Amino acid sequence: GQSLEQPSEVTAVEGAIVQINCTYQTSGFYGLSWYQQHDGGAPTFLSYNALDGLEETGRFSSFLSRSDSYGYLLLQELQMKDSASYFCAGLTGGGNKLTFGTGTQLKVEL
Amino acid sequence: GAVVSQHPSRVICKSGTSVKIECRSLDFQATTMFWYRQFPKQSLMLMATSNEGSKATYEQGVEKDKFLINHASLTLSTLTVTSAHPEDSSFYICSASLAAVYEQFFGPGTRLTVL
């Protein structure tokens, strides 16, 4: 089956850097997306890695290593508004669907 | 751009009734729409993939006759939960992709409570 595992919870202070890891076991893996979801809200797309390496988008960066079946989301200069759940999602099913990870709740404290 | 709406946002119904949830892409034509189910503090579970004009593709374990999906146009997909029971109570979220499946635009979700 498909599985993407993430730490359930991460806590960090405002202004810090935090890394949210995602390890996966999937067949037919095409790439890794990251989504943010605030409580009661809709998930929003953050980034996508098709190739190995680091993708940077403002304060957020995402990394993928296919050989290690591993990726991470890096959030810099943390702000209170970054408190949310973060999901990695593998592009699978012939590239026709996303399989979401277990999710990580990030708490940013003062 | 790329806004997806969902209606209703909340619905409470009696056991045994059917509930229809609409998902619309407001400012783009979606090649594919997806339906997910999410339990509190848990991940999004894909229920089915919906393409305009063709039958939905259901994930393993999802009952086709219970969760009816219709994708009548490039901007509208509906999910009907038939003969709802309390165990169907959940947060249902739809999404739509414009070009790339890895970037999906999500609706605000529908909280279904079955009494």
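Note: the structure precedes this text.
Residues numbered from 1 in each chain as written. Chains lettered and ligands numbered in written order. Predicted model: local features only at pLDDT ≥ 70, side-chain atom pairs only at ≥ 80, totals over all residues. Heavy atoms only, no water.

### Considering the overall build of chain A
Okay, so step 1: Helices and strands together make up the secondary structure of chain A, namely 0 helices and 11 strands.
Okay, so step 2: Walking chain A from its N terminus toward its C terminus, one meets helices and strands in the order β-β-β-β-β-β-β-β-β-β-β.
Okay, so step 3: Since a compact globule built from 110 residues should have a radius of gyration of about 13 Å, the 13 Å found for chain A is in line with a globular shape.
Okay, so step 4: Expressed along its principal axes, the backbone C-alpha trace of chain A runs to roughly 40 × 30 × 20 Å.
Okay, so step 5: Relative to its full complement of 110 residues, chain A shows a buried share of 49%.
Okay, so step 6: Contacts in chain A between residues at least 24 apart in sequence constitute 56% of all its contacts with a sequence separation of at least 6.
Okay, so step 7: Split by element, the accessible area of chain A, about 5,000 Å² in all, is 48% carbon and sulfur. (Helix = DSSP H or I, 4+ residues; strand = E, 2+ residues; numbered from the N terminus. Rg over C-alpha atoms; globule rule 2.2 N^0.38 Å. Buried < 20%, exposed > 50% of the residue type's maximum accessible area, 1.4 Å probe, protein only. Contact = heavy atoms within 4.5 Å. Areas by Shrake-Rupley, 256 points an atom, 1.4 Å probe, with all protein chains shown as cover.)

### Notes on the nonpolar core
Okay, so step 1: Among the nonpolar cores identified, the biggest contains 25 residues, and W35, Y58, F67, I69, L79, Y92 and L112 of chain B are the most heavily contacted of them.
Okay, so step 2: Counting residues per element, the ones that place at least two in this core are β2 (10–13), β3 (19–25), β4 (32–38), β5 (44–51), β7 (67–73), β8 (76–81), β9 (90–97) and β11 (110–114) of chain B.
Okay, so step 3: L79 of chain B has contacts with V19, K20, I21, W35, F67, L68, I69 and Y92 of chain B, leaving out every residue within four places of it along the chain.
Okay, so step 4: Core analysis: the second largest hydrophobic core is formed by 21 residues, V18, F29, L46 and C88 of chain A among them. (Core = buried A, V, L, I, M, F, W, Y, C linked by side-chain atoms within 4.5 Å.)

### Quick notes on the sheet that holds β3 of chain B
Across a sheet, paired strands are connected by hydrogen bonds in the backbone, their directions being either parallel or antiparallel.
Residue and element names in this part refer to chain B.
Okay, so step 1: Read from one edge to the other, the open sheet built from 4 strands follows the order β1-β3-β8-β7, with strand pairing classed as antiparallel. Of all the strands in the sheet, the pair left with one neighbour each is β1 (4–7) and β7. The sheet shows a mean angle of 15° between the axes of neighbouring strands, taken without regard to direction.
Okay, so step 2: Here β1 pairs with β3 via 4 bridges, running antiparallel. Bridging across to β3, Q6 finds its partner in C23. (Pairing = 2+ DSSP bridges. Axes fitted to C-alpha atoms, helices over the stretch in contact; angles between N-to-C directions.)

### Examining the state of the cysteines
Okay, so step 1: Applying the stated criterion to the full structure yields 2 disulfides over all chains.
Okay, so step 2: Note on cysteine connectivity: C22 of chain A is disulfide-linked to C88 of chain A, with sulfurs 2.1 Å apart. Linking C22 of chain A and C88 of chain A, the disulfide has an S-S dihedral of approximately 70° and is accordingly described as right-handed. With a gap of 66 residues between them, C22 of chain A in strand β3 (residues 18–25) and C88 of chain A in strand β9 (residues 84–92) connect regions that are remote in the sequence. For the pair formed by C22 of chain A and C88 of chain A, the shared burial category is buried.
Okay, so step 3: Covalent S-S linkage joins C23 of chain B and C94 of chain B, the inter-sulfur distance amounting to 2.0 Å. Between C23 of chain B and C94 of chain B, the disulfide has an S-S torsion of 80° and is therefore right-handed. (Disulfide = S-S within 2.5 Å.)

### So, the side chain of N49 of chain A
Okay, so step 1: Residue position: N49 of chain A is located in strand β5 (residues 44–49).
Okay, so step 2: There is a polar contact of 2.5 Å between the side chain of N49 of chain A and the side chain of S62 of chain A. (Polar contact = N/O pair within 3.5 Å; in protein donor to acceptor, adjacent residues only side chain to side chain.)

### Thoughts on the environment of G95 of chain A
Okay, so step 1: In this structure, G95 of chain A sits in the loop between β9 and β10 (97–100).
Okay, so step 2: Taking the C-alpha atoms as reference points, G95 of chain A and M80 of chain A, 15 residues apart in sequence, are found 34 Å from one another.
Okay, so step 3: Dropping the residues within four chain positions of it, G95 of chain A is found in contact with Y30 of chain A together with V101 of chain B.

### A closer look at the interface of chain A and chain B
Okay, so step 1: Taken together, the 20 residues of chain A in the interface contact 18 residues of chain B.
Okay, so step 2: Buried area between chain A and chain B, both sides added, is near 1,500 Å², and the carbon and sulfur share of it is 59%.
Okay, so step 3: Looking at the side of chain A facing chain B, the largest losses of area belong to P43, K97 and F100 of chain A, adding up to 30% of the total buried there.
Okay, so step 4: If you look at where chain A meets chain B, you find 1 salt bridge.
Okay, so step 5: Of the charged contacts in the structure, one is a salt bridge between K97 of chain A and E59 of chain B, with a shortest N-O distance of 2.7 Å. (Buried area = accessible area lost by both parts, 1.4 Å probe. Salt bridge = Lys/Arg side-chain N within 4 Å of Asp/Glu carboxyl O.)

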